[in-house]
Number of protein chains: 2
Amino acid sequence: MIKPENLNSKLKKASYAVRGAIVDRAAQLETEGRKIVYCNIGNPQALKQKPLTFPRQVLSLVEYPELPDRPGIEKFYPADAIERARHILKCCPNGLGAYTHSAGMPFIRKAVAEFITRRDGIPASAENIFLTDGASKGVQAAMTLLTNNENDGFMIPIPQYPLYSATIALYGAKQVNYYLDEQNSWQLNEEELKKSYAAAVKKGINPVAIVVINPGNPTGAILSEENIKMVLRFAREHKLAVLADEVYQENVYAPGMKFISFAKVLHETGDIDTTLFSFHSVSKGFLGECGQRGGYMEVRNMPKEAYAELMKLQSIGLCSNSAGQIITYIMVEPPKEGEPSYPLYRQERDTILQNLKKKAEMLYGGINEIEGMKAGTPQGAMYAFVRFDLPEEPGRNISEMSEEERLAYESRRNMDYCMALLEETGICVVPGAGFGQIPGTFHFRTTFLPPMEDMAGLVEKIKAFNRKYTEMLKNRK
Amino acid sequence: MIKPENLNSKLKKASYAVRGAIVDRAAQLETEGRKIVYCNIGNPQALKQKPLTFPRQVLSLVEYPELPDRPGIEKFYPADAIERARHILKCCPNGLGAYTHSAGMPFIRKAVAEFITRRDGIPASAENIFLTDGASKGVQAAMTLLTNNENDGFMIPIPQYPLYSATIALYGAKQVNYYLDEQNSWQLNEEELKKSYAAAVKKGINPVAIVVINPGNPTGAILSEENIKMVLRFAREHKLAVLADEVYQENVYAPGMKFISFAKVLHETGDIDTTLFSFHSVSKGFLGECGQRGGYMEVRNMPKEAYAELMKLQSIGLCSNSAGQIITYIMVEPPKEGEPSYPLYRQERDTILQNLKKKAEMLYGGINEIEGMKAGTPQGAMYAFVRFDLPEEPGRNISEMSEEERLAYESRRNMDYCMALLEETGICVVPGAGFGQIPGTFHFRTTFLPPMEDMAGLVEKIKAFNRKYTEMLKNRK
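The structure reproduced in this document is the subject of the present report. (Residues numbered from 1 in each chain as written. Chains lettered and ligands numbered in written order. Predicted model: local features only at pLDDT ≥ 70, side-chain atom pairs only at ≥ 80, totals over all residues. Heavy atoms only, no water.)

## Digging into the relation of the copies chain B and chain A
Line of reasoning, step 1. If you rotate chain B by 180° and push it 0.0 Å along the axis, it lands on chain A with an RMSD of 0.1 Å. Accordingly, the operation relating the two chain copies is best matched by a two-fold axis. Taking the C-alpha atom as reference, chain B places serine 60 of chain B closest to the rotation axis, 2.0 Å from it.
Line of reasoning, step 2. An overlap of 100% is found between the interface residues of chain B and their copies at the interface of chain A, pointing to a shared contact surface. (Least-squares fit on C-alpha atoms with pLDDT ≥ 70 in both. Contact = heavy atoms within 4.5 Å.)

Now the structure itself:
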């Protein structure tokens, strides 16, 4: 039998908190008949969010390609969904069952470029669009391209989405942490970037790229234009590629705030030197089509040799799945005003976004009122990264621990808390240690995706649990 | 800008012939108005093979989940497709838009295990099934798990499917070639395996696994039970994991031959020590659903720590796409005799398989009649790996070349031939060098997927081109 000690040690080092031990335990409790509220992952349709009607109607028609032409079918599908399906089948005459171009169907790549131009008022080219199985696969393609040896480093925000730390570990690169500024609504801080970069270089690391997640995961923070400019300037100065994870671009809740893309700022600053990879997905926003695995990566300022390598990499994986490509197409080219499906599409979209906003406000508001807990202000994405206090344990002296011991100790306490929350309430959240946090602080990430009627109860349960758990710690001998 | 010289050197070394320079040239000619016959890749639906009706009907229904319950819908879908869609939506109440379990939807994993039991008469467990985005992603997961350092080697057949060589290069492992026995219908030869293994060990390589493709790609060979037993014995002796690529298991054409799975032979020999990964896909067989990216990996004799690492790896990629999972489900659980869709399903299946058989016979028969060309006997899969003679070039002395020079020289001549074939006839095949061949021999791989009416003309065109091209070489000064 293969021997565990001989297996990929990089894989062994990788960890992916969003689906780790705590989720396994939740699944086990569920099989034992407990009701579990999965707040561990941004998976809207697992929490009763219904898929939007129009994209699914179109998919339904193109999967069964003779359907659009069957007499009487207009009783079951609106005219524009049928029209759209015909258009898709005309643009991809091989249908959904043939391998597509490695970078995706040409007409969809073109539609994505046009979407970027409409969104940002900047030029975009279909050639620079790669359709991917969700954003994750795009991120991994970019990181594969950029990782050449074990000293190559990726600067990632702390807290971060663990895809980044897991992929860095898996590819044998170096993780270079920069802390987000919790006091300043989790924006990036230039001094912190400089400090992080310098510390990495001092350790012999060669930073090759900086990862930015906007709107933030797990923080929900929306970056200001100034902040984005600063990051691009910093990247240019240090010859770093930029990986802009923009999958929550539709999830903006704070009044007066708006999403600004890295592509737009890059274009407007006239920077033709900094290589930018940006990522989008059908899994988040209001579509929430996680299971369909659709998304795209746009590249800018990419030398042609690098482009050729990226294309080769995609060709080794053949192509992304065609249903995901079609949903991506509908995402970037939704029904337009005046078309039969538009009113329903708009209503479904707005209801989902308004509900997310309301639920964000309920969650953040409720959490902020709990003694010893803080969630800041809801801005965007689908999460709250909740900070909570834990009373000191008697007989433990942090100042006597090595850094590593302290991290392990605090990480264990963080996990114990979340595991107890799960056992007590059935609420499944992810310990902050999985995303990264400043030593001495404790967080958990929770989505605000559960149905409205569960949200108030959710906060109440967390409150009651927190009181009981911290009391228990305080009373420990 | 990112500098090409700093990019992933392993990626740069990787090559993937099936979608390389020759295909780029074909696409270019096509935009110039030339008719191209794409024989480079097993992509049936790009060559006018129609998707089977039942799987697409079911997908169409589940993508639009309110459809199965709409009155009147039975005019458009047979009762068993509607019933099946309802069953699927009951088994996955979150629908196709939610992330599934990292290893795929539990009911589909169970159906796959039952399929293996029905096919082979052996026990199989849903726990050991991982649903993947096509077989390629399963293969890459297994290779990720097994590659620990740069001396770890994978024994691969020559000729092979270039996914293997590309992935080995990309992951920084070592490629250990063993030649298939062209004289003996491309079976594996034990002496050759021993020789290959010993030569690798002598070079400091640590072989960790052996890859076998059955039915063969590009060879079409179907392995005998004896041959499979020999491979498993060899693997056990040398503590190698076995990667069995069985994606062409439905594509068996030779009278009296049948596909035998590695799982069956492993089970029957009572070997509880050799770790086996086997792979299947919806892309080949008679479904030909390449674009849907569905497939599975089954693992056997897997230690639980390795299993946990594999599951973690899959969780970092979240899950395979849900439409691909559904098609995989239909593949392993097709309509049964007595159900309304069965007659059409059977007719479509049998027509495709019979046509493939006829086209294989036409292609192999025609090729074998061309002077200086040989394709052997059609057994399985979707390809012929055609050997052809090339007259010596005057003024070139192979015996004076280093091994590397000779390989480069012959690889160039192989490519020139295929490129000229493309320019002259519009037929796009892949040079044998992309799959590997014994030095001094020349091959190309062609599919026999073009529509029946094109097949005879195809062989004629190859014949005429070959005569002209070899004459031209002979007449060169």
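## Digging into unusual backbone geometry
Line of reasoning, step 1. The step from asparagine 217 of chain A to proline 218 of chain A runs through a cis peptide bond, and the omega angle for that step is 10°.
Line of reasoning, step 2. For proline 218 of chain A, the location among the structural elements is in the loop between β5 (206–213) and α9 (225–237).
Line of reasoning, step 3. Cis geometry marks the peptide bond from asparagine 214 of chain B to proline 215 of chain B, where omega comes out at -10°.
Line of reasoning, step 4. Among the secondary structure elements, proline 215 of chain B is positioned in the loop between β5 (206–213) and α9 (225–237).
Line of reasoning, step 5. Phi is positive for arginine 293 of chain B, which is not a glycine, with a value near 50°.
Line of reasoning, step 6. Within the secondary structure layout, arginine 293 of chain B lies in the loop between β7 (276–281) and β8 (295–300). (Helix = DSSP H or I, 4+ residues; strand = E, 2+ residues; numbered from the N terminus.)

## Some details on the interface of chain B and chain A
Line of reasoning, step 1. Counting residues at the interface gives 90 residues for chain B and 90 residues for chain A.
Line of reasoning, step 2. Between chain B and chain A, roughly 7,100 Å² of surface is buried when both sides are summed, and carbon and sulfur atoms account for 57% of that area.
Line of reasoning, step 3. There are two salt bridges connecting chain B and chain A.
Line of reasoning, step 4. As a salt-bridge pair, arginine 56 of chain A and glutamate 63 of chain B come within 3.8 Å of each other at their nearest N and O atoms.
Line of reasoning, step 5. The tally of links from chain B across to chain A stands at 37 residue pairs in polar contact (both at pLDDT 80 or more).
Line of reasoning, step 6. Elements with a minimum of two residues in the side of chain B that touches chain A: α1 (9–13), α3 (53–63), α6 (134–146), α7 (163–171), α11 (304–316) and α12 (322–332) of chain B.
Line of reasoning, step 7. Of the residues assigned to the side of chain B that touches chain A, the class counts are 39 nonpolar, 33 polar and 18 charged. (Buried area = accessible area lost by both parts, 1.4 Å probe. Salt bridge = Lys/Arg side-chain N within 4 Å of Asp/Glu carboxyl O. Polar contact = N/O pair within 3.5 Å; in protein donor to acceptor, adjacent residues only side chain to side chain. Nonpolar A, V, L, I, M, F, W, Y, C, P; charged D, E, K, R; others polar.)

## Description of the sheet that holds strand β4 (residues 174–179) of chain B
Strand pairing in a sheet is mediated by backbone hydrogen bonds. Such pairs are either parallel or antiparallel.
All names here are of chain B.
Line of reasoning, step 1. The strand order across the open sheet formed by seven strands is β2-β8-β7-β6-β5-β3-β4, and the pairing between neighbours is mixed. Across the chains shown, the open sheet's two edge strands, defined by having one partner strand only, are β2 (129–132) and β4. Each strand of the sheet is rotated relative to its neighbour by a mean of 25°, with strand direction disregarded.
Line of reasoning, step 2. In the packing of α11 onto the sheet, the strands contacted are β2, β7 and β8, and the crossing angle to β2 comes to about 20°.
Line of reasoning, step 3. Contacting β2, β7 and β8, α12 runs over the sheet at an angle of about 70° to β8. (Pairing = 2+ DSSP bridges. Axes fitted to C-alpha atoms, helices over the stretch in contact; angles between N-to-C directions.)

## Describing the sheet that holds strand β3 (residues 152–158) of chain A
All names here are of chain A.
Line of reasoning, step 1. With respect to topology, seven strands assemble into an open sheet ordered β2-β8-β7-β6-β5-β3-β4, the strand pairing being mixed. With one partner strand each, in any of the chains shown, β2 (129–132) and β4 (174–179) form the two edges of the open sheet. When the angles between neighbouring strand axes are averaged without regard to direction, this sheet yields 25°.
Line of reasoning, step 2. Two strands pair when backbone bridges link them, and β3 and β5 are joined in this way by four bridges, in the parallel orientation.

## Remarks on α7 of chain B
Line of reasoning, step 1. For α7 of chain B, a buried count of seven out of nine residues is recorded, marking the element as mostly surrounded by other parts of the structure.
Line of reasoning, step 2. By the burial criterion, the buried members of α7 of chain B are Leu163, Tyr164, Ser165, Ala166, Thr167, Ile168 and Leu170 of chain B. (Buried < 20%, exposed > 50% of the residue type's maximum accessible area, 1.4 Å probe, protein only.)

## Considerations on the environment of serine 102 of chain A
Line of reasoning, step 1. In this fold, serine 102 of chain A is placed in the loop between α4 (79–91) and α5 (106–120).
Line of reasoning, step 2. Through-space distance from the C-alpha of serine 102 of chain A to that of glutamate 460 of chain A is 49 Å; in sequence the pair is 358 residues apart.

## Quick notes on a positive patch on the surface
Line of reasoning, step 1. Together, Lys10, Lys13 and Lys174 of chain A together with Lys10, Lys13 and Lys174 of chain B line one region of the surface with positive charge.
Line of reasoning, step 2. In this fold, lysine 10 of chain A is placed in helix α1 (residues 9–13). (Patch = residues over 30% accessible without salt bridge, like charges linked within 9 Å, V, L, I, M, F, W, Y side chains within 5 Å. Areas by Shrake-Rupley, 256 points an atom, 1.4 Å probe, with all protein chains shown as cover. Lys, Arg positive; Asp, Glu negative; His and termini not counted. Charge placed at Lys NZ, Arg CZ, Asp CG, Glu CD.)

## Regarding the pairing of strand β13 (residues 442–447) of chain B
All names here are of chain B.
Line of reasoning, step 1. When you tally the buried positions in β13, you get six out of six residues, the bulk of the element.
Line of reasoning, step 2. Side chains of β13 alternate between two faces, with Phe442, Phe444 and Thr446 and His443, Arg445 and Thr447 buried alike.
Line of reasoning, step 3. Bridging between strand β10 (residues 383–388) and β13 involves six bridges; their strand directions are antiparallel. Within the sheet, the bridge partner assigned to valine 386 lies in β13 and is phenylalanine 444.
Line of reasoning, step 4. Relative to β13, strand β12 (residues 430–431) is paired through two bridges, and the arrangement is antiparallel. Residue valine 430 lies in a different strand from β13, and its bridge partner there is arginine 445.

## Observations regarding the packing of helix α13 (residues 342–368) of chain B against helix α15 (residues 452–474) of chain B
Residue and element names in this part refer to chain B.
Line of reasoning, step 1. For the pair α13 and α15, interaxial distance at closest approach is 9 Å and the crossing angle is 15°. As the angle between them shows, α13 and α15 are arranged roughly parallel. α13 and α15 meet at a crossing whose hand is right-handed. Contacts between α13 and α15 involve Asn355, Lys358, Lys359, Met362, Leu363, Gly366 and Ile367 from the first element and Met452, Met455, Ala456, Leu458, Val459 and Ile462 from the second.
Line of reasoning, step 2. The residue inventory of the contact of α13 with α15, partitioned by class, reads nine nonpolar, two polar and two charged. (Parallel < 35°, antiparallel > 145°, perpendicular 65-115°, else oblique. Left-handed = near helix turned anticlockwise from the far one by under 90°.)

## Observations regarding α6 of chain B
Line of reasoning, step 1. Counted residue by residue, α6 of chain B has twelve buried out of 13 residues, so it is predominantly covered.
Line of reasoning, step 2. All of the buried residues along α6 of chain B are Gly134, Ala135, Ser136, Gly138, Val139, Gln140, Ala141, Ala142, Met143, Thr144, Leu145 and Leu146 of chain B.

## Examining the pattern of salt bridges
Line of reasoning, step 1. Using the criterion set out here, one finds 47 salt bridges over all chains in the structure.
Line of reasoning, step 2. Across the pair arginine 86 of chain B and glutamate 83 of chain B runs a salt bridge whose closest N-O atoms are separated by 3.8 Å. Note that arginine 86 of chain B and glutamate 83 of chain B are positioned in helix α4 (residues 79–91) at a spacing of three residues, about one turn of the helix.
Line of reasoning, step 3. For arginine 86 of chain B, a relative accessible area of 36% translates into the label partly exposed.
Line of reasoning, step 4. For arginine 387 of chain B, the salt bridge is made with glutamate 182 of chain B, and the minimal N-O distance between the two is 3.2 Å. With a gap of 205 residues between them, arginine 387 of chain B in strand β10 and glutamate 182 of chain B in the loop between β4 and α8 (190–202) connect regions that are remote in the sequence.
Line of reasoning, step 5. Look at arginine 387 of chain B and you get partly exposed, because its relative accessible area is 27%.
Line of reasoning, step 6. Salt bridges sharing partners connect three or more residues here, namely Arg56 and Glu289 of chain A together with Glu63 of chain B.

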